[in-house]
Amino acid sequence: MSIMKHFNITFRPDGRQITIHAGATLVEAAGQAGIVLNTACGEKGTCGKCAVNIEPAGRSVLACQYHIQSDLTVTIPPESRLFEHKILKHGIDVLKKIQPLGRLEHADAKEKIFGLAVDIGTTTVVAKLIDMTTGQCAATEAAVNPQVRYGDDVISRIAYAQTDEKLLELHKVIIDCINKLTAKLCDTAAIAAKQILQMCVVGNTTMNHIFLKLPIKQLGQAPYRAFSVDAKDVSSNDLSLQINPTGKVHTVENIAGFVGSDTTAVALAVDVDSAEEMTLVVDIGTNGEIVLGTKNKLYAASCAAGPALEGARITYGSRAVEGAIEAVVANEEDITVDVIGNCPPRSICGSGLIDAVAVLLNLGVIDSSGRLLERETLQTRLPRAILSRIVEHEGQPAFVIAYSSNDSKPVVLTQRDVRQMQLAKAAIRAGISLLQKKFNIDDSGIKHIFLAGAFGNYIRPESALRTGLLPNVPIERIHFVGNAASSGAQMILLSSHYRLLSKKLARKIEYIEIANEKDFASVFADCMLF
């Protein structure tokens, strides 16, 4: 059995190190480190915007064209990062408003001032500590949304919070989670909580309402209207948030009952409002959202994808944490995996799940209906090492993605896991197809696709295409933009320009309830197939 080599890549000035398989590009490596590079040309090497420096010589290379064959230290300049130039372009104009407040109330005039950009997802909560002087991210923390114990999707949370008491219970749980993340961020950056004077919070409409203690009962009843879609500015004290007592909290505009401020933030981050050509934005999460259109007309829809692509309902699924398989690659004789933290694999996150299914489809282990085939039917078609991975797990067909080590069990993908992935991707793909019908366009009519989500640091475009998660377009049209909701929240936190733009953008996007579309059932069924 051949084993593909893996190499250690260190990124400066971030100080992040990952391990990745030989032959991967520096764009892939940066993505796995949670760094999103500017690949405007679709990684064809023509725009020159992903230039990085190979140390110690400082040799400049294009990250999309450089294939890794050794351990490397790489410096990434600000202009090569996707969202960096947008933050710098309009300046850090919120700073002049909060500096006097800090001096008059609690902060020492010499102390740095910070803000928080928070993305409250149904499954995952991400918080970024932002230096309000430079606009740079000083630290990032993430955690499972503790509300999952009340149900792993928004419908179950809405069903739970039918009384004021239970709504308050969900509210306290998320406030406690954000306070814990804030404490970790402060420890990492060695700052005091009183230095945090601003917070920008985004999330789907249900998460937004729970955070603000707004009623959510009506979100579970037709016509599924939000109590409020407006932006809110409230005191940190009113929400019991443990930052500066004079701190201000801004929540971004929602679009509709099931398309929230996180979608507004993603749309802002990728600049869909300026799109000259047909552009698709897909934010993958438990409550997946899509936006399609140009600067002239934009539609949005919500897809009940479920939490599978964030690791839930998958036998060995997890968030993108240490020990999670984040990429699966086939070589001539077997498969190999990239693992977060360069340690024995213990689970598989969303990006690894999409990769794994794509690889098994290419190998013929999974057929177009999603069925895992028996070893006997594949004897003459596959190498022995891959055949040996086809097993039975708890009474159902399964495939061993990674074998057990001294301190971990084997990570297997079961038939049930494949079905969960099919349901998630079908919900997203059906939503996209129904929005395409609004513009009367086929897949070729989509010129740009921005793929966002917190399900993993990087997803290979070829895997998204092979599984049918995305429309069938040339691969260079697909751009992975990471957790763009957090990036959009950061932009709104720092700039009044973006705060105003987000308000206009939310009102411009027209929401479509895809479950009410007459073709929904048939389109969804078609999208279940690979």
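Residues numbered from 1 in each chain as written. Predicted model: local features only at pLDDT ≥ 70, side-chain atom pairs only at ≥ 80, totals over all residues. Heavy atoms only, no water.

S.K.: What exactly am I supposed to notice about the overall build of the chain here?
M.R.: In terms of regular secondary structure, the chain is built from 14 helices and 23 strands. Judged by the C-alpha coordinates and their principal axes, the chain covers about 75 × 60 × 50 Å. Within the chain, buried positions represent 59% of all 530 residues. Excluding contacts between residues fewer than 6 apart, the proportion of contacts in the chain whose partners are at least 24 apart in sequence is 64%. When the accessible surface of the chain is summed, it comes to about 20900 Å², and 50% of that surface belongs to carbon and sulfur atoms. (Helix = DSSP H or I, 4+ residues; strand = E, 2+ residues; numbered from the N terminus. Buried < 20%, exposed > 50% of the residue type's maximum accessible area, 1.4 Å probe, protein only. Contact = heavy atoms within 4.5 Å. Areas by Shrake-Rupley, 256 points an atom, 1.4 Å probe, with all protein chains shown as cover.)

S.K.: Looking at this structure, I do not really get unusual backbone geometry. What am I missing?
M.R.: What you tend to see is this: most non-glycine residues have negative phi, and most peptide bonds are trans. With omega at 0°, the peptide bond leading from Arg12 into Pro13 counts as cis. Within the element layout of this structure, Pro13 appears in the loop between β1 (6-12) and β2 (16-21). Of note, Lys213 is a non-glycine position whose phi angle comes to about 65°, a positive value. Relative to the assigned elements, Lys213 resides in the loop between α6 (205-212) and β10 (232-235).

S.K.: Looking at this structure, how should I read the sheet that holds strand β16 (residues 335-339)?
M.R.: Strand pairing in a sheet relies on backbone hydrogen bonds. The paired strands run either parallel or antiparallel. Pairing in this open sheet of three strands is mixed, and the strands run β16-β15-β17 from one edge to the other. Each end of this open sheet is capped by a strand with a single partner; those strands are β16 and β17 (347-348). Strand direction decides the pairing type here: strand β15 (residues 324-330) and β16, joined by five bridges, are antiparallel. Opposite Val328, over in β16, you have Val337 as the bridge partner. The sheet contacts of helix α8 (residues 350-363) involve β15, β16 and β17, and relative to β15 the element is tilted by about 20°. (Pairing = 2+ DSSP bridges. Axes fitted to C-alpha atoms, helices over the stretch in contact; angles between N-to-C directions.)

S.K.: Looking at this structure, I do not really get helix α13 (residues 496-508). What am I missing?
M.R.: The periodicity of an α-helix, 3.6 residues per turn, causes residues three or four places apart in sequence to face the same way. Between its terminal C-alpha atoms α13 stretches 19 Å, which fits the 18 Å expected from 13 residues at 1.5 Å a residue. All buried positions along α13 are accounted for by Tyr498, Ser502, Leu505 and Ala506. The buried residues of α13 occupy an angular sector of 95° when projected down its axis, which confines them to one face. Where α13 begins, one side-chain oxygen reaches toward the backbone nitrogen of His497, 3.1 Å away; that side chain belongs to Ser495. (Expected span 1.5 Å × (residues − 1). Arc of directions from axis to C-beta. Polar contact = N/O pair within 3.5 Å; in protein donor to acceptor, adjacent residues only side chain to side chain.)

S.K.: Please explain the environment of Gln221 as it appears in this structure.
M.R.: Mapped onto the elements, Gln221 comes out in the loop between α6 and β10. For the pair Gln221 and Ile158, spaced 63 residues apart in sequence, the C-alpha separation works out to 9.8 Å.

S.K.: Quick question: what am I supposed to make of the packing of aromatic side chains here?
M.R.: The description of two aromatic rings rests on the distance between their centres and on the angle between their planes. Tallied over the full model, the rule gives four aromatic pairs. Note on Tyr150 and Tyr160: the rings are 4.7 Å apart at their centroids and 50° apart in plane angle, and the pair reads as tilted. In this pair, Tyr150 sits in the loop between β8 (137-144) and α4 (154-160) while Tyr160 sits in helix α4, placing the two residues 10 residues apart along the sequence. Among the residues examined, Tyr160 registers a relative accessible area of 23% and is labelled partly exposed. Ring centres of Tyr224 and Phe258 lie 6.0 Å apart, and the angle between their planes is 55°; on these two criteria the pair is classed as tilted. Taken together, the residues span a long stretch of sequence, with Tyr224 in the loop between α6 and β10 and Phe258 in the loop between β11 (248-251) and α7 (261-269) at a distance of 34 residues. Classification of Phe258 as buried rests on a relative accessible area of 11%. One Lys or Arg, Lys166, reaches over the ring of Tyr160 and ends 4.9 Å from the middle of that ring. (Phe/Tyr/Trp six-rings, centres within 6.5 Å; stacked < 30°, edge-to-face > 60°. Lys NZ or Arg CZ within 6 Å of the ring centre and 35° of its normal.)

S.K.: Got a minute to help me understand the pairing of strand β4 (residues 59-62) in this structure?
M.R.: Where strand β3 (residues 51-54) and β4 come together, four bridges link them in antiparallel fashion. The partner of Asn53 across the bridge, within β4, is Ser60. As consecutive antiparallel partners, β3 and β4 are separated by four residues, and within that stretch Gly58 has a phi angle of approximately 80°, a positive value.

S.K.: Can you walk me through the sheet that holds strand β19 (residues 396-402) in this structure?
M.R.: What the three strands build is an open sheet, ordered β18-β19-β20; its pairing is antiparallel. Of all strands in the sheet, those with a lone pairing partner are β18 (390-393) and β20 (411-414), marking the two edges. When strand polarity is set aside, the average angle formed by the axes of neighbouring strands in this sheet is 50°. Against the sheet, α8 engages β19 and β20, with an angle of about 65° to β20.

S.K.: Explain the packing of helix α10 (residues 415-439) against helix α14 (residues 520-527) here, please?
M.R.: Working note: a packed helix pair is described by the angle between its axes plus the distance between those axes. It is the contact of α10 with α14, at a shortest axis distance of 8 Å, that shows an interaxial angle of 130°. Of the possible angle classes, the one that applies to α10 and α14 is oblique. Crossing of α10 over α14 shows right-handed handedness. Judged by residue contacts, Leu423, Lys425, Ala426, Ala427, Arg429, Ala430, Ser433, Leu434 and Lys437 of α10 engage Phe520, Val523, Phe524 and Cys527 from α14. (Parallel < 35°, antiparallel > 145°, perpendicular 65-115°, else oblique. Left-handed = near helix turned anticlockwise from the far one by under 90°.)

S.K.: Where do I start with the confidence of the model for the chain in this structure?
M.R.: Interpretation of the predicted coordinates at a detailed level should be avoided for regions scoring low in pLDDT. In the predicted model, the chain carries a mean pLDDT of 91, and 94% of its residues have values of at least 70. Throughout residues 88-107 the model reports pLDDT below 50, and contacts reaching past four residues in sequence, or to other chains, amount to 39 contacts. (pLDDT = per-residue confidence, 0-100.)

S.K.: Is there a simple way to think about the environment of Ala402 in this case?
M.R.: Looking at the element boundaries, Ala402 is found in strand β19. Of the residues examined, Ala402 reaches a relative accessible area of 7% and is grouped as buried. Separated by 54 residues in the primary sequence, Ala402 and Ile348 have C-alpha atoms spaced 9.6 Å apart.

S.K.: Help me understand the packing of helix α12 (residues 484-494) against α13 in this model?
M.R.: For the pair α12 and α13, the least separation of the axes is 5 Å and the interaxial angle reads 120°. Between α12 and α13, the angle is such that the two are oblique. Two secondary-structure elements touch here, α12 through Met491, Ile492, Leu493 and Leu494 and α13 through Ser496, Tyr498, Arg499 and Ser502. Looking at the contact of α12 with α13 residue by residue, the classes come out as five nonpolar, two polar and one charged. (Nonpolar A, V, L, I, M, F, W, Y, C, P; charged D, E, K, R; others polar.)

S.K.: I would appreciate a short explanation of the pairing of β15 in the present structure.
M.R.: Where a strand is regular, its side chains alternate between the two sheet faces. Burial analysis of β15 places six of its seven residues in the buried class, the great majority of the element. Pairing between β15 and β17: two bridges, direction parallel. Among the inter-strand pairings, Ala324 is bridged to a residue of β17, identified as Ser347.

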